Amino acid sequence: MSTLTNQAYVATSSQRLVAIITAATFGLALVFISGFASPETIHNAAHDWRHSHNFPCH
């Protein structure tokens, strides 16, 4: 019989900072790529999303 112990993972402050910067960069890239897309296909695909988030596209 074996016993399992719960071990919590504690991230260091530098790991947290890297995660925050990565998430923020990815999020901003998604907003600006979909917001300022010029090809019709990308524009139409992101059109409803932009309007639902009050992002002007016209």
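About the cut-offs
One numbering rule holds for all chains: residues counted from 1, following each sequence as written. A pLDDT threshold of at least 70 governs which residues receive local features in this predicted model, and a stricter bar of 80 or more applies before side-chain atom pairs are shown or counted, although totals over entire chains, interfaces and linings include all residues. As a convention, hydrogens and water are excluded, and side-chain values are obtained from all of the structure's heavy atoms. The helix and strand labels rest on DSSP assignments: H or I over at least four residues marks a helix, E over at least two residues marks a strand, and numbering proceeds from the N terminus. Relative accessibility under 20% of the residue-type maximum defines a buried residue, over 50% an exposed one, and the middle range a partly exposed one, all with a 1.4 Å probe and only protein chains included. Methods summary: accessible areas were calculated by the Shrake-Rupley approach with a probe of 1.4 Å, and residue burial reflects only the protein chains presented. Like charges are joined within 9 Å and nonpolar side chains (Val, Leu, Ile, Met, Phe, Trp, Tyr) within 5 Å, but only among residues with over 30% relative accessible area and no salt bridge; these make up the patches. Salt bridge criterion: a side-chain nitrogen from Lys or Arg within 4 Å of a carboxyl oxygen from Asp or Glu.

**Q** Just checking my understanding: could you explain the overall build of the protein chain for this structure?
**A** For the protein chain, the helix and strand inventory stands at 2 helices and 0 strands. Residues classed as buried in the protein chain amount to 16% of the 58 residues present. In the structure as shown, the protein chain presents an accessible area of about 5200 Å², 66% of it carried by carbon and sulfur atoms.

**Q** Honestly, a nonpolar patch on the surface in this entry has me stumped. Any pointers?
**A** On the surface, Leu28, Phe32 and Phe36 cluster together into a nonpolar patch covering about 350 Å² of accessible area. You can see Leu28 is positioned in helix H1 (residues 13–35).

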